[in-house]
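These are the residues of each chain, in order.
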Amino acid sequence: MKSIKTRKIILLSSIAVLALVYVMQLLFTGRSTVKSYKIEKEITAIEIESPSGKNRIEREDGKWFLSDARYPVSENRASEFVNAVKEIKVLGKASSSSDMDRYGLSEGSLIQVKAYCGHELVRSISVGKNSSTGNQCYIMLEGKSDILLAQGALATTFSSSADDIRSKSVYKISDTDVTGASVVFDSTNYAVVKNVSGEGELTVSTWSLAGSDEKIDSSKVSAWIKSVSNLLVDSWKEDSFVPDESQLKCTVVLKTSDREITVKIYSAKDEEQMLASCSETRWAFMIPKYVGERFFKDLSDLK
């Protein structure tokens, strides 16, 4: 009986050792098959051409812009594009160039991505389909005839319309930097100002109604200021669109020590989508009802 137990222990130990060796082989083999193609130069422009159109983003003074219209680009999207072309991790060869259709790399299907450092082309990638797992993508690198399997869902990353790439931010300021605000809509017309007393850690900020001794609740004013200190659009109107000023329903002005931001809303506060404009951008835009309602602030709500 003791002999049988001993043999079982030896057998189980051998299986465990073999399993460990197998796992280690898989790990080291997996590592050795990944080949990284890195770009050391700074990327200053990226062109993305797909069957649906062509977009070009360029970096200027630390910010990214889209097309000749100079639309501000979402910083997250710009970083996503730069990271995707900066380093390509190839997991292996998928096929020869004779299988273009199968991998989404035929004309009319592929996405052509080019990255530049100044005027120098530093990377050109033909992007095909994502793999069935969704975590890899079939690509071709310039100068190579093989279809490669690359890490990351690059087809998803670069299948972006101009509206997807464009920033949705109109403005973003710190609510604590706001020193005053005014609100005009219907019969409502008032302004609030911040009063600061004390110094350092003893600084106290309160809000008062401009030109009036009527009391307001500073905490309610602060909460409202915070709710309108960051404005994102639902969608942008076309470049040529100009709002009809006769349809203006609400105007809010936010003041800081060095800026004055004016937001105008041209829709009634019960509409699901509201047309708006802002002094921070030359393009009109649409915002959802729940965002627009924040600007129609009754004075009674601040008491």
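Predicted model only: the values in this text are computed from it and were never measured.

S.K.: Help me out: how do you make sense of the overall build of the protein in this one?
M.R.: The helix and strand tally for the protein stands at six helices and 20 strands. Relative to its full complement of 303 residues, the protein shows a buried share of 38%. Counted over contacts in the protein with a minimum sequence separation of 6, partners at least 24 positions apart contribute 57%. Accessible area for the protein stands at about 17,700 Å²; split by element, carbon and sulfur atoms hold 51% of it.

S.K.: What is the right way to look at the sheet that holds strand β6 (residues 87-95) in this model?
M.R.: Strand pairing in a sheet is mediated by backbone hydrogen bonds. Such pairs are either parallel or antiparallel. The ten strands are arranged β1-β6-β10-β9-β8-β7-β2-β3-β4-β5 in an open sheet whose pairing can be described as antiparallel. Since the sheet does not close on itself, it has two edges, and those belong to β1 (35-38) and β5 (71-72), each with one partner. Sheet contacts for helix α2 (residues 75-86): β1, β2 (45-50), β3 (53-60), β4 (63-66), β6, β7 (111-117) and β8 (120-130); angle to β6, the most-contacted strand, approximately 55 degrees.

S.K.: What is the right way to look at the pattern of salt bridges in this model?
M.R.: Two side chains bearing opposite charge may form a pair once their charged atoms approach each other closely. In this structure the tally under the stated criterion is 13 salt bridges. Here glutamate 47 makes a salt bridge to arginine 56, at a shortest N to O gap of 2.7 Å. Taking the relative accessible area as the measure of exposure, glutamate 47 reaches 15% and is therefore buried. Between glutamate 272 and lysine 289 there is a salt bridge, with the nearest N and O atoms lying 3.8 Å from each other. Linking glutamate 272 in the loop between β18 (260-265) and β19 (273-278) with lysine 289 in helix α6 (residues 289-292), this pair joins segments that are 17 residues apart in sequence. Judged by relative accessible area, which is 57%, glutamate 272 ranks as exposed. Through salt bridges with shared partners, a single ionic network connects Glu47, Lys54, Arg56, Glu58, Glu60 and Arg70.

S.K.: Hey, could you run me through the confidence of the model for the protein in this one?
M.R.: Interpretation of the predicted coordinates at a detailed level should be avoided for regions scoring low in pLDDT. In the predicted model, the protein carries a mean pLDDT of 90, and the fraction of residues at 70 or more is 89%. Confidence drops under pLDDT 50 across residues 21-32; counting only partners more than four residues distant or on other chains, this segment forms zero contacts.

S.K.: What should I look at first to understand unusual backbone geometry in this one?
M.R.: Peptide bonds are mostly trans, and most non-glycine residues show a negative phi. The residue serine 67 is not glycine, and still its phi comes out positive at about 60 degrees. Looking at the element boundaries, serine 67 is found in the loop between β4 and β5. The phi dihedral of aspartate 186 falls on the positive side, at around 50 degrees, and the residue is not glycine. Its location among the elements puts aspartate 186 in the loop between β12 (180-185) and β13 (188-197). With a relative accessible area of 69%, aspartate 186 lands in the exposed category.

About the criteria used
- Residues numbered from 1 in each chain as written.
- Predicted model: local features only at pLDDT ≥ 70, side-chain atom pairs only at ≥ 80, totals over all residues.
- Heavy atoms only, no water.
- Helix = DSSP H or I, 4+ residues; strand = E, 2+ residues; numbered from the N terminus.
- Buried < 20%, exposed > 50% of the residue type's maximum accessible area, 1.4 Å probe, protein only.
- Contact = heavy atoms within 4.5 Å.
- Areas by Shrake-Rupley, 256 points an atom, 1.4 Å probe, with all protein chains shown as cover.
- Pairing = 2+ DSSP bridges.
- Axes fitted to C-alpha atoms, helices over the stretch in contact; angles between N-to-C directions.
- Salt bridge = Lys/Arg side-chain N within 4 Å of Asp/Glu carboxyl O.
- pLDDT = per-residue confidence, 0-100.

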